[in-house]
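An overview of the molecular structure
Here is what each chain is made of, one letter per residue.
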Amino acid sequence: MRIAIAGFGTVGQGFAEVIHKKSELLSSYGPVKIVAAFDSKSYAADENGLDPVALVKNKLATGAVGDKKMKSGIDVLGSVGYDILVEVSPTDIETGGDGLRHIEYSLKHGKDVITVNKGPLALRFRELNKLAERNNAILRFEGSVGGAMPIINLCSENLKGERVKSIRGIFNGTCNFILSRMDNGLPFEQALKEAQQLGYAESDPSYDIDGIDTACKVVILANSVFRRNVKFSDVSITGISSVSPEAIALAADQEMVIRLVGEVSDTVLEVSPRLVPKGHPLSIAGTMNTAQIMTDLAGPIVIFGKGAGRMETASAILSDLIAIMDRRR
Ligand code: HSE
């Protein structure tokens, strides 16, 4: 398996580290090597395989992925032989950005794709899946919702045969952190600053605060788990900037907290701040993600996990990589 990594920020670097850490496990599938890695400024490529540890060290020390200057991701992808694209460049919810171009190019050329980039999935989910099907390519995206919390594969693979009736969840660690710090009297701005320091917030934090990030995740769940055909623009979105300290205090008087909840079912597609009774699974504090999945036979299933992070998101990419290698074998 020859892997090309598009995007070499926190998640791309974490994935390279995972390739090194899990080399023994991966070698049972045959040689697994990174043949190209790039970000918006520079790239490294070697058909014989790049050293993942050296790649990360170099990026941390110099800020560059490699010594070659980037023209475009498509040029790099066109110049190396690869089997799987790992697309982890930043989300662009306006157009899908470079990430969408990388994914389309790879699928068109019959390459498998693993992505955690929410923009392309929230804008072009059905088209990308059709493109994959037509070109006998596999498209997987477990880490795009809930990071390390395995919600997509849980619903579509482990809960086969169940009818998933609805999913309600906390899918944005930044908002949950802010709201739970506000529960303790911290002002919004200060809570946001702390959340940014934790490294969970999107490069543009309004993606978190305005509910855009959660809406992308709700769209991905609607399309993948509920087999709907919806887009980002179909979601009813209210963010958390209007949640006042007074509202939080009033909620506390009623033994409630306010949380940004994403909800999806056959008919619902919504992101909004909601009153949640203290002690309810959705009342969690901090940066963790959680989801309550209602099914017809098994009843409610609750999962809880880290929604972002270097190794955590890379763990979801690793699970997709192994699933692809199992299928290809
Ligand atoms: N900004 C996101 C969050 C990162 O705060 O949860 C994971 O998508």
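Right, let's walk through the structure included here. Keep in mind that what you see is a predicted model, and the values were worked out from it rather than measured. (Residues numbered from 1 in each chain as written. Predicted model: local features only at pLDDT ≥ 70, side-chain atom pairs only at ≥ 80, totals over all residues. Heavy atoms only, no water.)

1. As for the overall build of the protein
- When helices and strands are counted, the protein shows 13 helices and 13 strands.
- For the protein, the C-alpha radius of gyration of 20 Å lies close to 20 Å, the compact-globule estimate for 329 residues.
- Counting only C-alpha atoms and orienting by the principal axes, one finds that the protein spans roughly 65 × 45 × 35 Å.
- For the protein, the proportion of its 329 residues judged to be buried stands at 55%.
- Of the contacts made within the protein by residues no fewer than 6 positions apart, 69% connect residues no fewer than 24 positions apart.
- For the protein, the accessible area works out to roughly 14300 Å², and carbon and sulfur atoms hold 50% of it.
- Charged side chains of the protein number 37 positive and 39 negative; the gap between the two group centres comes to 4 Å. (Helix = DSSP H or I, 4+ residues; strand = E, 2+ residues; numbered from the N terminus. Rg over C-alpha atoms; globule rule 2.2 N^0.38 Å. Buried < 20%, exposed > 50% of the residue type's maximum accessible area, 1.4 Å probe, protein only. Contact = heavy atoms within 4.5 Å. Areas by Shrake-Rupley, 256 points an atom, 1.4 Å probe, with all protein chains shown as cover. Lys, Arg positive; Asp, Glu negative; His and termini not counted. Charge placed at Lys NZ, Arg CZ, Asp CG, Glu CD.)

2. Considering the environment of aspartate 183
- Counting through the fold element by element, aspartate 183 comes out in helix α8 (residues 173-183).
- Residue aspartate 183 is classed as partly exposed on the basis of its relative accessible area of 29%.
- Sequence spacing of aspartate 183 and leucine 85 is 98 residues, and the spatial spacing of their C-alpha atoms is 42 Å.
- Leaving out residues up to four positions away in the same chain, aspartate 183 has contacts with Ile248, Val257 and Arg259.
- Looking at aspartate 183, its side chain comes within polar contact range of the side chain of arginine 259, at 2.9 Å. (Polar contact = N/O pair within 3.5 Å; in protein donor to acceptor, adjacent residues only side chain to side chain.)

3. Digging into the pairing of strand β3 (residues 42-50)
- Note: strand β2 (residues 33-38) against β3, four bridges, orientation antiparallel. Across the sheet, residue alanine 37 finds its bridge partner in β3, namely alanine 44.
- Counting the residues between successive antiparallel strands, the hairpin from β2 to β3 contains three residues.
- Both β3 and strand β4 (residues 68-69) contribute to a ladder of two bridges, which runs antiparallel. Paired with serine 42 across the bridge in β4 is lysine 69. (Pairing = 2+ DSSP bridges.)

4. Here we look at the side chain of threonine 91
- As for its position among the elements, threonine 91 is in the loop between β5 (84-87) and α5 (97-108).
- Those residues within four positions of threonine 91 in sequence are excluded, and the remaining contacts are Asn117, Lys118, Gly119, Glu202 and Tyr207.

5. Some remarks on the site of the ligand
- With respect to spatial proximity, the complete set of residues near the ligand consists of Lys118, Asn172, Gly173, Thr174, Tyr200, Glu202, Asp208, Asp213, Lys217, Gly307 and Ala308.
- With respect to the ligand, the backbone of tyrosine 200 contributes an N or O atom lying 2.8 Å from a nitrogen atom.
- Protein contacts shield 91% of the accessible area of the ligand, which totals 260 Å² for the unbound molecule.
- Contributions of two or more residues to the shell around the ligand are made by α8 and α11 (212-224).
- Tallied by class, residues from the shell around the ligand come to two nonpolar, four polar and five charged. (Near = heavy atom within 4 Å. Nonpolar A, V, L, I, M, F, W, Y, C, P; charged D, E, K, R; others polar.)

6. Considerations on the state of the cysteines
- Scanning all chains against the criterion turns up zero disulfides.
- Left without a disulfide partner, cysteine 155 is nearest to the cysteine sulfur of cysteine 216, which lies 18 Å away. (Disulfide = S-S within 2.5 Å.)

7. Comments concerning a positive patch on the surface
- There is a patch of like positive charges on the surface, built from Lys108, Arg126, Lys130 and Arg134.
- Considering every element that reaches the positive patch, the biggest residue donor is helix α6 (residues 118-134), with three residues.
- Summarising the element assignment, lysine 130 is placed in helix α6. (Patch = residues over 30% accessible without salt bridge, like charges linked within 9 Å, V, L, I, M, F, W, Y side chains within 5 Å. Salt bridge = Lys/Arg side-chain N within 4 Å of Asp/Glu carboxyl O.)

8. So, the sheet that holds strand β8 (residues 164-170)
- Across the sheet, six strands lie side by side as β9-β11-β10-β8-β12-β13; this open sheet has mixed pairing. Every interior strand has two partners, whereas the edge strands, β9 (236-237) and β13 (300-306), have only one.
- Where strand β10 (residues 256-265) meets strand β11 (residues 269-277), nine bridges bridge the pair, whose relative direction is antiparallel. From the neighbouring strand, valine 264 faces β11, where its bridge partner is leucine 269.

9. Describing the sheet that holds β5
- The strand order β4-β3-β2-β1-β5-β6-β7 describes an open sheet built from seven strands, whose pairing is mixed. Every interior strand has two partners, whereas the edge strands, β4 and β7 (139-140), have only one.

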